[in-house]
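# Examination of the molecular architecture
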Amino acid sequence: TGQPGVFSPKGNDFSTHTIISFILNQPANVTIKVYNVAGQLVEWMAQQQTFSSGKQAIRWNGRDSQGEIVASGLYIVTVTVGDQTQDKVVNVWNH
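A brief report on the enclosed structure follows. (Residues numbered from 1 in each chain as written. Predicted model: local features only at pLDDT ≥ 70, side-chain atom pairs only at ≥ 80, totals over all residues. Heavy atoms only, no water.)

## Comments concerning the packing of aromatic side chains
Taken as a whole and assessed by the stated rule, the structure comprises two aromatic pairs. Between Phe22 and Phe51, the ring centres sit 5.5 Å apart and the planes meet at 80°, which makes this aromatic pair edge-to-face. Here the residue Phe22 occupies a position in strand β2 (residues 18–24), and Phe51 occupies one in strand β4 (residues 41–51), the gap between them amounting to 29 residues. In terms of burial, Phe22 and Phe51 fall into one category: buried. (Phe/Tyr/Trp six-rings, centres within 6.5 Å; stacked < 30°, edge-to-face > 60°. Helix = DSSP H or I, 4+ residues; strand = E, 2+ residues; numbered from the N terminus. Buried < 20%, exposed > 50% of the residue type's maximum accessible area, 1.4 Å probe, protein only.)

The following block contains the structure:
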């Protein structure tokens with residue numbers, strides 16, 4: 001465990017995106033969602049999208065489903081394959 005990676009969609013001397021990575025043992029349908037700390041869905045990055053086996057990397061640019069830059073704070077990214085879900089916490093900083 002460690003501190004969440006910080007990024008800023010506005011730049012601000014930080015990366016403008018974060019990478020969500022995961023490894024698949026075989027091709028699978030994957031769902032990736034981003035939630036705010038209140039549990040509200042902010043962005044649906046993949047919905048039962050088929051990914052090949054091996055290491056996968058998806059970029060999130062810190063924008064919601066309407067294309068607006070999200071507020072500063074912590075966000076939970078969930079990656080679901082079948083009945084297994086893994087979470088990653090990311091920190092968006094827009095000051």
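Once the structure has been displayed, the description carries forward.
## Focus: unusual backbone geometry
Residue Gln48 is not a glycine yet carries a positive backbone phi of 50°. Turning to its location among the elements, Gln48 is positioned in strand β4.

## A word on the layout of surface pockets
Reported here for the largest pocket is a volume of approximately 290 Å³. Every residue along the wall of the largest pocket is listed here: Phe22, Ile23, Leu24, Asn25, Gln26, Ala28, Val79, Val81, Asp83, Gln84, Thr85 and Gln86. Elements that contribute at least two residues to the lining of the largest pocket include exactly β2, β6 (73–81) and β7 (84–92). For the lining of the largest pocket, a count of residues per class yields six nonpolar, five polar and one charged. (1 Å grid on protein atoms, 1.4 Å probe; cavity = no way out; pocket = protein on both sides within 12 Å on 5 of 7 lines; lining within 4 Å. Points joined across faces, edges and corners; volume = space filled by probe spheres on them. Nonpolar A, V, L, I, M, F, W, Y, C, P; charged D, E, K, R; others polar.)

## Points about the environment of Gln48
Looking at Gln48, the relative accessible area reads 47%, which means it is partly exposed. Taking the C-alpha atoms as reference points, Gln48 and Thr31, separated by 17 residues in sequence, lie 5.0 Å from one another. Beyond its immediate sequence surroundings of up to four residues, Gln48 is in contact with Asn29, Val30 and Thr31. Side chain to side chain, Gln48 and Thr31 meet in a polar contact 3.1 Å long. (Contact = heavy atoms within 4.5 Å. Polar contact = N/O pair within 3.5 Å; in protein donor to acceptor, adjacent residues only side chain to side chain.)

## Points about a nonpolar patch on the surface
Judged by side-chain polarity, Val37, Leu74 and Val89 come together as a nonpolar surface patch covering roughly 250 Å² of accessible area. On the basis of relative accessible area, Val89 is assigned to the partly exposed category, the value being 37%. (Patch = residues over 30% accessible without salt bridge, like charges linked within 9 Å, V, L, I, M, F, W, Y side chains within 5 Å. Areas by Shrake-Rupley, 256 points an atom, 1.4 Å probe, with all protein chains shown as cover. Salt bridge = Lys/Arg side-chain N within 4 Å of Asp/Glu carboxyl O.)

## Regarding the nonpolar core
Soluble globular proteins tend to pack their nonpolar side chains together in the buried interior. Ranked by internal contacts, the top residues of the largest apolar core, which has 19 residues, are Phe22, Val30, Ile32, Val34, Phe51, Trp60 and Tyr75. Contributing elements (two or more residues each) for this core: β2, β3 (28–36), β4, β5 (54–60), β6 and β7. Sequence-distant contacts of Phe22, that is, excluding residues within four places in its chain, are made with Val30, Ile32, Phe51, Gly54, Lys55, Gln56, Ile58 and Val79. (Core = buried A, V, L, I, M, F, W, Y, C linked by side-chain atoms within 4.5 Å.)

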